[in-house]
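A structural walkthrough
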Amino acid sequence: MCIKLNPFTVALNNALTDKGPGQPEIETLLGAKGRQIPQLFAAADRARRRGVGDTVHLRAIIEFSNHCRKNCLYCGLRRDNKTLPRYRLPVEEIMDAAGRAAGLGYRTVVLQSGEDPYFSAADIARLVEQIKARHDLAVTLSLGERRREAYRIWREAGADRYLLKQETSDPALFGYLKPDDSLQERLQCLWWLRELGYQTGSGNMVGLPGQTTATLARDIALMRELDVEMAGIGPFLPHQDTPLRDTAPGKLEATLVTLAVARLCLPRAHLPATTALSTLAPQGHSLALGCGANVIMPNLTPSRVRDKYLIYPQKADIGDDPVQAKKDIEALLAGLARPPATDYGHARKIPSGRN
Ligand code: 5AD
Ligand code: SF4
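Described in the following lines is the structure provided in the data block.

1. Brief notes about unusual backbone geometry
Trans is the prevailing form of peptide bonds, just as negative phi is the prevailing case for residues other than glycine. The backbone phi angle of Q314 is positive, close to 50°, even though this residue is not glycine. For Q314, the location among the structural elements is in the loop between α13 (303-306) and α14 (322-336). Under the relative-accessibility criterion, Q314 is labelled exposed at 70%. At A337, a position not held by glycine, the phi torsion is positive, near 55°. Looking at the secondary structure, you find A337 in the segment after α14.

Shown next as structure tokens:
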């Protein structure tokens, strides 16, 4: 007797093999409905445990400038948003925030900003050097697109990782949403970062206008081709001071499904429970940790400017006191039996091997 398995079950079984799912199977998994969703989440949770273990890496983020020369349609930091008060933290204040992160026991700081040419490549290199000299911290940079030479000197200064999200793998949608950029140039930057030996992070937004399941499948396939060590997957959230103010937000379930499928395709990558997801749903962190995520990024930006890094409205981490936030995260992790990691949380990927 021949039993015909449904395509979802076949795709899920294939996802758990060494080769992982192909793009059509990724699309099938992304279409999970009803009872398939808890099955998908359970498979992603198992893949997470096998690939990266139970610990959760905590990466302290410092948003040191909200100036941006670009005009992405979805983002509150876009240059045409004249309603946003802009700030740049002086170097001493960035160093203080890094010191606070180290003092609280974090092992990574993420330095993030809009694309702000005010800070020269040499300024950033000095900052990285100072942090590495004073503290036992891994440094992740998230400063957008720069020349290869800038990436090179930052790497030489000691930067360990770089986050540069692809946002979407659809070239036409990318060009529409990011009128200053092209997908091709962005991918070039990602390949340079790889070549220079950074642990490289990409990621996307779920629920962008015009995005389809096929787009999301391609997003995940592209992250796998890029062989990323990190991938940030969060919902699109409309901001009232951007051209996309009237667009519907991304959905919680669709974001979790995308995260779960990404985990199946990138078993050894570090996947954060994004702040955007917690902004959409108060249980965002624990839901994401249950279907593939293994990273949380607490905000260590000084409180005097925290509410000005408004890429989307009602950002969940605004107003947190860093000491209390750490306690809250530890309590959340204790409840989930997911211990906070004590190491740097470098990617466990074998150099140049598959994720
Ligand atoms: N909704 C969700 N995420 C956003 N980002 C920017 N604007 C939004 C938005 N409206 C994310 C992008 C980008 C980072 C700066 O924040 O993924 O990489
Ligand atoms: Fe600037 Fe990045 Fe926002 Fe685009 S997404 S406007 S590059 S901060």
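Resuming the write-up.
2. Let's talk about the site of ligand 1
In the vicinity of ligand 1, the contacting residues are Y74, C75, K165, E167, M205, P235, F236, L237, I311 and Y312. Within the contact set of ligand 1, a nitrogen atom lies 2.8 Å away from a backbone nitrogen or oxygen of Y74. K165 is positioned such that a nitrogen or oxygen atom in its side chain is 3.3 Å from an oxygen atom of ligand 1. Computed on the free molecule, ligand 1 has an accessible area of 400 Å², of which 86% lies beneath the protein chains in the complex. For the shell around ligand 1, a count of residues per class yields 8 nonpolar, no polar and 2 charged.

The rules behind each value
- Residues numbered from 1 in each chain as written.
- Chains lettered and ligands numbered in written order.
- Predicted model: local features only at pLDDT ≥ 70, side-chain atom pairs only at ≥ 80, totals over all residues.
- Heavy atoms only, no water.
- Helix = DSSP H or I, 4+ residues; strand = E, 2+ residues; numbered from the N terminus.
- Buried < 20%, exposed > 50% of the residue type's maximum accessible area, 1.4 Å probe, protein only.
- Near = heavy atom within 4 Å.
- Polar contact = N/O pair within 3.5 Å; in protein donor to acceptor, adjacent residues only side chain to side chain.
- Areas by Shrake-Rupley, 256 points an atom, 1.4 Å probe, with all protein chains shown as cover.
- Nonpolar A, V, L, I, M, F, W, Y, C, P; charged D, E, K, R; others polar.

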